[in-house]
Amino acid sequence: MPRIARRTFLAGLGGAALAACTSGQSAPPTTDNLGTPSPNPAPPVTVNAATGPVLVPGEPLRVVVLDTDVLDSALTLGITPVGAALPAADTRFPEYWPVSRTADIRLVGPAGAPDLAAVRALRPDLILSNQTRDGDRYGQLSALAPTVLTQTTGAPWKANFQLHAQALSRVAAAAAFATAYQKHAGQVAQALAAAKLSGRKVSLVRFTEGGGIRLFGRQSFPGSVLAEAGVGRPDPQNVDQSDFEIPPDQIGKADGDLLLYATYGDPERAGTSATLASPGWQALGAVKAHRAFPVDDQLWFQGIGYTGANFMLDELQRFLGFPGA
């Protein structure tokens, strides 16, 4: 997606968030007031996390997020975290967020192995993550600040978002975003059906350092977004699982009417360059028809939230050649 289009769309989302947050809730905090307590502090809130009930401060101001889904949740809900962990191969924040939203976030190490001293130094009043990443250090994290973990990430992203919203005291904003997204997804599905494009089978391929070639099924974040857009999936990927690895000699399973691929990490070490130059890849129908497109890994496979999903719906329309998208 052209960067200016993303920023224009994001400005609209920010306005919706601000309106939702100011309807019965306080306006989203800025970095200017993160250290200033409210003259009328909100009462604590108990949320039912994967580890059990957790008492969190009302309207937390200093939030640390330790995975990409909670980064999207916090920013979507108008809260700029004071600290964040990113996957080890990522050296920058996702570009589908403007720099103005991420410039003041301090990196606290890689997701799955955060620097606890760096987290402590930020004096958080809330930490958000999931058990897959941080279940084994929950005790250490909860000693620093109330810590809310979901069980996992990916497919249950909508339910996870609601839990994040409860912990962040942004329930009204969450409802507004969920409603707006469902309307957007429905409009995209109707538009694609009217253009007789919903029958197209869309393939999702991710090249990862140390993880080979991975195909994504219905029980994944991008798979769920495609389902809500009403498009089909190639038979090998039309399965009730998140993702699975294939060897290079089975690259035929990556074919589709439209093929979207991304790389996590270095394209050479992830095998992207070698695969794209291989006879098997060049023989794919989508490649021969010029319907194979690279996508932003931090958006399509790591965004895992409502803002990321909205951008993906718009990109999908463009990739399918929908007029005016």
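Before any of the text, the structure's been laid out above.
For clarity, every value in this text was computed on a predicted model and none was experimentally measured.

**Q** Teacher, can you tell me more about the layout of surface pockets here?
**A** Any space left empty among the atoms is revealed by the rolling of a water-sized probe across them. Of the pockets and cavities examined, the largest pocket occupies roughly 520 Å³. Considering the residues around the largest pocket, the lining is formed by 24 residues, among which R133, T153, R206, F301 and I304 are closest to the centre. The set of elements that each furnish at least two residues to the lining of the largest pocket consists of α2 (68-76), α5 (131-134), β8 (202-208), β9 (212-216) and α9 (221-228). Tallied by class, the residues present in the lining of the largest pocket amount to 8 nonpolar, 10 polar and 6 charged.

**Q** Mind showing me how you'd approach α2 here?
**A** In an α-helix there are 3.6 residues to a turn, and that puts residues three or four apart on one side. In terms of burial, α2 is a largely internal element, 9 of the 9 residues being buried. Turning to α2, its buried residues are T68, D69, V70, L71, D72, S73, A74, L75 and T76.

**Q** Honestly, α9 in this entry has me stumped. Any pointers?
**A** Within α9, 6 of the 8 residues are buried, leaving the element largely enclosed by the surrounding structure. Those residues of α9 lying buried are F221, P222, G223, S224, V225 and L226. Close packing links the buried residues of α9 with α7 (157-168), α8 (171-194), β8, β9, α14 (297-300) and α15 (306-319). For α9, the capping residue at the N-terminal end is S220, with a side-chain oxygen 3.0 Å from the backbone nitrogen of G223. G230 sits one or two positions beyond α9 and adopts a positive phi of about 80°.

**Q** Please explain the sheet that holds β9 as it appears in this structure.
**A** One key point about sheets: their strands pair by backbone hydrogen bonds, in either a parallel or an antiparallel sense. As summarised here, the arrangement of the 5 strands in space is β10-β9-β8-β11-β12, forming an open sheet in which the pairing is mixed. Strand pairing shows two members of the sheet lacking a second neighbour, β10 (243-246) and β12 (292-294), which therefore form its edges. Between one strand and the next, the sheet's axes are offset by a mean angle of 30°, whatever the strand orientation. For β9 and β10, the ladder comprises 4 bridges, and the chain directions are antiparallel. What sits directly across from F216, in β10, is D243. The sheet strands contacting α15 are β8, β11 (258-264) and β12, and the helix crosses β11 at an angle near 130°.

**Q** Teacher, can you tell me more about empty space enclosed by the protein here?
**A** One pass over the full model with this rule turns up 1 cavity of 30 Å³ or more. Quantified by volume, the largest cavity comes out at close to 30 Å³. The wall of the largest cavity is formed by T68, L71, P94, Y96, Q298, Q302 and G303. Taken together, the residues of the lining of the largest cavity sort by class into 3 nonpolar, 4 polar and no charged.

**Q** Explain the packing of aromatic side chains to me, please; I cannot follow it from the model alone.
**A** The geometry of an aromatic ring pair is captured by two quantities: the separation of the ring centres and the angle between the planes. Under the defined criterion, the tally for this structure stands at 12 aromatic pairs. A centroid spacing of 6.3 Å and a plane angle of 80° characterise the contact between F207 and Y261, whose relative ring orientation is edge-to-face. Here F207 is found in strand β8, whereas its partner Y261 is found in strand β11, with 54 residues between them in sequence. Like Y261, F207 is buried. Aromatic pair F216 and F301: ring centres 4.7 Å apart, planes at 55°, arrangement tilted. A residue pair is termed long-range when its members are at least 10 positions apart, and F216 in strand β9 and F301 in the loop between α14 and α15 qualify at 85 residues. Taken individually, F216 and F301 each receive the classification buried, so the pair is uniform in this respect. Three or more aromatic residues link up through ring pairs in this structure, and these residues are W157, F161, Y181, F221 and Y306.

Cut-offs applied
- Residues numbered from 1 in each chain as written.
- Predicted model: local features only at pLDDT ≥ 70, side-chain atom pairs only at ≥ 80, totals over all residues.
- Heavy atoms only, no water.
- 1 Å grid on protein atoms, 1.4 Å probe; cavity = no way out; pocket = protein on both sides within 12 Å on 5 of 7 lines; lining within 4 Å.
- Points joined across faces, edges and corners; volume = space filled by probe spheres on them.
- Helix = DSSP H or I, 4+ residues; strand = E, 2+ residues; numbered from the N terminus.
- Nonpolar A, V, L, I, M, F, W, Y, C, P; charged D, E, K, R; others polar.
- Buried < 20%, exposed > 50% of the residue type's maximum accessible area, 1.4 Å probe, protein only.
- Contact = heavy atoms within 4.5 Å.
- Polar contact = N/O pair within 3.5 Å; in protein donor to acceptor, adjacent residues only side chain to side chain.
- Pairing = 2+ DSSP bridges.
- Axes fitted to C-alpha atoms, helices over the stretch in contact; angles between N-to-C directions.
- Phe/Tyr/Trp six-rings, centres within 6.5 Å; stacked < 30°, edge-to-face > 60°.

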